[in-house]
Amino acid sequence: MNPYVLAILLSSLGLGTTLTFASSHWLLAWMGLEINTLAITPLMAQHHHPRAVEATTKYFLTQATAAAMILFASTTNAWMTGEWSINDLSNPIASTMFMTALALKIGLAPMHFWMPEVLQGLDLLTGLILSTWQKLAPFALIIQTAQTIDPLLLTLLGVMSTLVGGWGGLNQTQLRKILAYSSIAHMGWMIVVIQYAPQLTLLALGTYIIMTSAAFLTLKMSSTTKINTLATTWSKTPTLTATTALVLLSLGGLPPLTGFLPKWLILQELTKQDLPLIATVMALAALISLYFYLRLCYAMTLTISPNTINSTTPWRTQTTQAPLPLALFTMAALGLLPMTPTVMMLTT
């Protein structure tokens, strides 16, 4: 892709998200989301592969549907209340419709069906943008309006997403689909606590972005998209394989690693709010997710690939990717748990 075109598209992505962040009027927020969608569409279709074009079409249709629902919800709210401000979402029908639209935008269950299919059709860097940057603008709107949305709806979306994210990833062999289901499960954790402690949602979103970026950049570095090719990386890059296994366990939320921090604080908050049943279901759903991360770790570090690959293995060629972002994200994904007292002081 032409570097000038790429620069325009990336700056438009930034502009769209910033516009949604800064807006207090519904139309401006909607405009930011639309700019975001239109800027990422050429990035998704840049490889001219039928799979990429199919993924782009699916993504565009779902985002356009969600944007139309947001516009309809905001118009309904303005019609009923006479207010266009984001903070005045007082009509229950409009707020439910609005939350449904944003759930479709970020891929919460049961509106998640597009997410694995779209991510599977993209290259790893565009998939990284879709899994991280594209979540920011919708989350800004959800956090602003969380107190006006029906608590039961938020809890249902959160619990269902963690369960679907766990179950859906169990049977996959494609790494991008596994990361898509991982994304759905993490979104569920963020949504379930948003009505009680929005600052924990921001913390969970931040740690999710760090861990997912580390995972995607690792896969890009070793040019891996399937489990069976992952099984041959240990002989070529043993250090990278070891850190990748730790990043995956961090995504699963195991204690010495960064991923444990948001899960721990969210479960603590749910218990404080006298919701032990929901906290138990969330913890059990996290165990299901942990199983497929462990499966990846097992395939990568404890098995020798059973299939003879006759073609040139992709990681034998020199990669053009800069190692610094990968190193920084990996360090952050593995070592931020000692920051817990600081985080707790800031969030309480």
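Residues numbered from 1 in each chain as written. Predicted model: local features only at pLDDT ≥ 70, side-chain atom pairs only at ≥ 80, totals over all residues. Heavy atoms only, no water.

Re helix 6 (residues 124–131)
Thought 1: Burial of helix 6 is extensive: six of the eight residues sit out of reach of the surface.
Thought 2: All buried positions along helix 6 are accounted for by Leu-124, Thr-126, Gly-127, Leu-128, Leu-130 and Ser-131.
Thought 3: Contacts from the buried residues of helix 6 go to helix 2 (26–44), helix 3 (50–81), helix 5 (114–120), helix 7 (133–145), helix 9 (175–193) and helix 10 (198–221). (Buried < 20%, exposed > 50% of the residue type's maximum accessible area, 1.4 Å probe, protein only. Helix = DSSP H or I, 4+ residues; strand = E, 2+ residues; numbered from the N terminus. Contact = heavy atoms within 4.5 Å.)

Focus: the UniProt feature "transmembrane region" (unreviewed entry) in the protein
Thought 1: Per the UniProt record, "transmembrane region" (unreviewed entry) is annotated on residues 60–80, 92–115, 152–171, 178–196, 202–219, 240–257, 277–294 and 326–346.
Thought 2: A helix fraction of 84% and a strand fraction of 0% characterise residues 178–196, whose end C-alpha atoms lie 29 Å from each other.
Thought 3: Along residues 240–257, the helical share is 72% and the strand share 0%, with 17 Å between the first and last C-alpha atoms. (UniProt positions renumbered as here; feature names shortened; annotations may be inferred.)

Some words on the nonpolar core
Thought 1: With 102 residues, the main nonpolar core has Phe-98, Met-99, Leu-108, Val-118, Ile-191, Val-192 and Ile-266 as its most contacted residues.
Thought 2: A per-element tally of this core places helix 10 first, with 14 residues.
Thought 3: Split by domain, this core shows at least three residues from each of two domains, domain 1 (1–149) and domain 2 (157–307 + 323–347).
Thought 4: Apart from residues no more than four positions distant in its own chain, Ile-266 is found in contact with Trp-189, Val-192, Val-193, Leu-200 and Ala-204. (Core = buried A, V, L, I, M, F, W, Y, C linked by side-chain atoms within 4.5 Å. Domains from an automatic or database assignment.)

A closer look at the packing of helix 9 against helix 13 (residues 260–272)
Thought 1: Two numbers describe how helix 9 lies on helix 13: the axes approach to 10 Å, and their chain directions differ by 35 degrees. Seen from above, helix 9 lies across helix 13 with left-handed handedness. Between helix 9 and helix 13, the contacting residues are His-186, Trp-189, Val-192 and Val-193 on the first element and Lys-263, Ile-266, Leu-267, Glu-269 and Leu-270 on the second.
Thought 2: Among the residues forming the contact of helix 9 with helix 13, the class breakdown is six nonpolar, one polar and two charged. (Axes fitted to C-alpha atoms, helices over the stretch in contact; angles between N-to-C directions. Left-handed = near helix turned anticlockwise from the far one by under 90°. Nonpolar A, V, L, I, M, F, W, Y, C, P; charged D, E, K, R; others polar.)

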